[in-house]
Amino acid sequence: MAISVFDLFKVGIGPSSSHTVGPMRAAATFAQALADQQLLSQTRRVEVRLYGSLSATGVGHATDRACVMGLMGEWPDQVDPTSINARIQQLRESGQLLLAGRQAIAFDWHTDLLLLDESLPYHPNAMSLHAYGDGGLLSEQTYYSVGGGFIIEAAEAASGIAPTSDVQLPYDFSSAVELLALCNKHGLRVSELMMANERAWRSDEAIRSGLLHIWSVMRECVEQGLRDEGILPGGLDVPRRAAKLHRSLLEIGKPNVITSTLSAMEWVNLFALAVNEENAAGGRMVTAPTNGAAGIIPAVLHYYMKFNADASDDDVVNFFLAAAAVGILCKKNASISGAEVGCQGEVGSACAMAAAGLADILGATPEQLENAAEIGLEHNLGLTCDPVGGLVQVPCIERNAIAAVKAINATQMALRGDGKHFISLDRVIRTMRDTGADMHDKYKETSRGGLAVSWVEC
């Protein structure tokens, strides 16, 4: 499966890529399919069934709302997040849903949207949609939201074969060993190799403008997070801290990253908090590679851009390209889904990606970059996904800040070495996969174990 940088970095909304972005895409895809098959006018009712992790933490992750918005024809990268509350309220009051934005059908929130205490095979994030007409079932489809906003249909999941495309990459790789070998053989940095691969899909101008757009959405997310105050939605009464911390840091003045390390770390914390508070509030986001870990990569890149006077748009482009190389390895050989392998697959992967991106723009060799990513991921192994109340707030927001600092430290350690190290990135990724397989389901985005239970017991 050929994976693009734009598969890993996608514009969407909070609070979750697998529980919000993926289900919205699935529902919108189903609605569009009904339109394409000319079944809209015959449809009288649609039923949504959520299974596994989508059911267990669906309300806290706004999965139910995302599905409804998708059925109404909205897509994660286009929907206005500020319009969702009013439209959901109107639907609840009227009992009518405008399917695919065109066909009015009756919709009862309690009987047409079911959270089922059972799981489907292949992946914990499963959902099925059923369209009924006067004569009975018109169409049905089962989707799996496999992390980072990626969705696959039941037939793809059952085949066990990743979807293929006609795209032929000049430097295809499925392991870090292969990536390093290609870089060395052709004299390429990791970002240069990734750029060559991206040309299989797009022109240089389209790649550059697309990545700079991703960066602009990330920057706006941070800025919005620095402006907004108050209490995050969901019932935990978690206060937003980024705006207050920002004012405090502005009073200190702009620190020098070399002479004022502690102050610089606070800025990194700030950027991550701002993004993840905005994510928790359901705002506009970029999956990086997921929403639950969306603050790490922008925090590290903001850190570099803020404290490096020579930083440029070229650095932004190269950062994303190098980070995506590691994200591709994590997705191909393990998972970026918290419901599948725990938070090590989300925060761990994002930490490794951020370390790789920073290493590349700081001049690291491919071997040093691989080492940086390995350090970043290795020290997140075993990390559980145990969101309190099913909300992407506690411990998720602070976890992003900690991992962002960890990514920078991983890069610094790798740059002090020659790229040689004890355990390879490939082995660490395999260990993440195996650890996730051994991890009890209650620690994988179900809110039935770990801190989620400890909070209830307090």
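Nothing here was measured: the structure is a model prediction, and the numbers come from that model.

1. Topic: the UniProt feature "domain: Serine dehydratase beta chain" (unreviewed entry) in the protein
Next, step 1: What UniProt calls "domain: Serine dehydratase beta chain" (unreviewed entry) maps, in this numbering, to residues 4-155.
Next, step 2: The span residues 4-155 carries 34% helix and 31% strand; its end-to-end C-alpha distance comes to 23 Å.

2. Concerning the sheet that holds strand E7 (residues 136-147)
Next, step 1: Spatially, the five strands line up as an open sheet ordered E5-E2-E6-E7-E8, and their pairing is mixed. For this open sheet the edge positions go to strand E5 (113-115) and strand E8 (150-153), each flanked by a neighbour on one side alone. Taking each pair of neighbouring strands and ignoring which way they run, the sheet shows an average axis angle of 25°.
Next, step 2: Lying over the sheet, helix H4 (residues 63-71) contacts strand E2 (45-51), E5 and strand E6 (125-133), oriented at roughly 145° with respect to E2.

3. Some words on the side chain of threonine 287
Next, step 1: Relative to the helices and strands, threonine 287 is located in strand E9 (residues 284-287).
Next, step 2: Under the relative-accessibility criterion, threonine 287 is labelled buried at 1%.
Next, step 3: Only 3.3 Å separates the side chain of threonine 287 from the backbone oxygen of leucine 8, close enough to count as a polar contact.
Next, step 4: For threonine 287, the residues in contact, after removing those within four places along its chain, are Leu8, Phe9, Lys10, Ser17 and Gly148.

4. Brief notes about the pairing of E7
Next, step 1: Relative to E7, E6 is paired through eight bridges, and the arrangement is antiparallel. Residue pairing across strands places alanine 126 opposite tyrosine 144, the latter belonging to E7.
Next, step 2: Here four bridges tie E7 to E8, and the two strands are oriented antiparallel to one another. Opposite serine 145, over in E8, you have isoleucine 151 as the bridge partner.
Next, step 3: The antiparallel hairpin formed by E7 and E8 contains two residues in its connecting segment, where glycine 148 sits at a positive phi of about 70°.

5. Details of the pattern of salt bridges
Next, step 1: Under the definition given, this model contains 20 salt bridges.
Next, step 2: For arginine 448, the salt bridge goes to aspartate 117, with nearest N and O atoms at 3.6 Å. On the criterion of sequence distance, the pair formed by arginine 448 in the loop between helix H18 (425-438) and helix H19 (451-457) and aspartate 117 in the loop between E5 and E6 is long-range, its members being 331 residues apart.
Next, step 3: One salt bridge connects aspartate 228 with arginine 240, and the closest N-O pair in it is separated by 3.9 Å. A residue pair is termed long-range when its members are at least 10 positions apart, and aspartate 228 in the loop between helix H9 (204-227) and helix H10 (242-252) and arginine 240 in the loop between H9 and H10 qualify at 12 residues.
Next, step 4: For aspartate 228, a relative accessible area of 24% puts it in the partly exposed group.
Next, step 5: Sharing partners across several salt bridges, the network here consists of Arg45, Glu47, Arg49 and Asp112.

6. Here we look at the packing of aromatic side chains
Next, step 1: Scanning the model with the defined rule gives six aromatic pairs in all.
Next, step 2: Pairing tyrosine 303 with phenylalanine 307 gives two aromatic rings, centres 5.7 Å apart and planes at 75°, and the pair type is edge-to-face. Of this pair, tyrosine 303 and phenylalanine 307 both sit in helix H12 (residues 296-307), four residues apart, roughly one helical turn. Neither tyrosine 303 nor phenylalanine 307 differs from the other in exposure class; each is buried.
Next, step 3: Aromatic side chains phenylalanine 319 and phenylalanine 320 sit 6.1 Å apart centroid to centroid with 85° between the ring planes, which places their arrangement in the edge-to-face category. The residues phenylalanine 319 and phenylalanine 320 share a single accessibility class, namely buried.

7. A closer look at H10
Next, step 1: Taken residue by residue, H10 has Ala242, Ala243, Leu245, His246 and Leu249 as its buried positions. Taken down its axis, H10 places every buried residue within 160° of arc, on the same side. Exposed residues pointing more than 90 degrees away from the buried face of H10 are listed as Lys244 and Glu251.

8. Overview of the packing of helix H16 (residues 366-378) against H18
Next, step 1: Where H16 meets H18, the closest approach of the two axes is 9 Å, and the angle between their N-to-C directions is 25°. Viewed along their axes, H16 and H18 adopt a mutual orientation that is roughly parallel. Relative to H18, the crossing made by H16 is left-handed. For the pair H16 and H18, the contacting residues are Glu370, Ala373, Glu374, Leu377 and Glu378 in the first and Leu425, Val428, Ile429 and Met432 in the second.
Next, step 2: When its residues are assigned to classes, the contact of H16 with H18 shows six nonpolar, no polar and three charged.

The rules behind each value
Residues numbered from 1 in each chain as written. Predicted model: local features only at pLDDT ≥ 70, side-chain atom pairs only at ≥ 80, totals over all residues. Heavy atoms only, no water. UniProt positions renumbered as here; feature names shortened; annotations may be inferred. Helix = DSSP H or I, 4+ residues; strand = E, 2+ residues; numbered from the N terminus. Pairing = 2+ DSSP bridges. Axes fitted to C-alpha atoms, helices over the stretch in contact; angles between N-to-C directions. Contact = heavy atoms within 4.5 Å. Buried < 20%, exposed > 50% of the residue type's maximum accessible area, 1.4 Å probe, protein only. Polar contact = N/O pair within 3.5 Å; in protein donor to acceptor, adjacent residues only side chain to side chain. Salt bridge = Lys/Arg side-chain N within 4 Å of Asp/Glu carboxyl O. Phe/Tyr/Trp six-rings, centres within 6.5 Å; stacked < 30°, edge-to-face > 60°. Arc of directions from axis to C-beta. Parallel < 35°, antiparallel > 145°, perpendicular 65-115°, else oblique. Left-handed = near helix turned anticlockwise from the far one by under 90°. Nonpolar A, V, L, I, M, F, W, Y, C, P; charged D, E, K, R; others polar.

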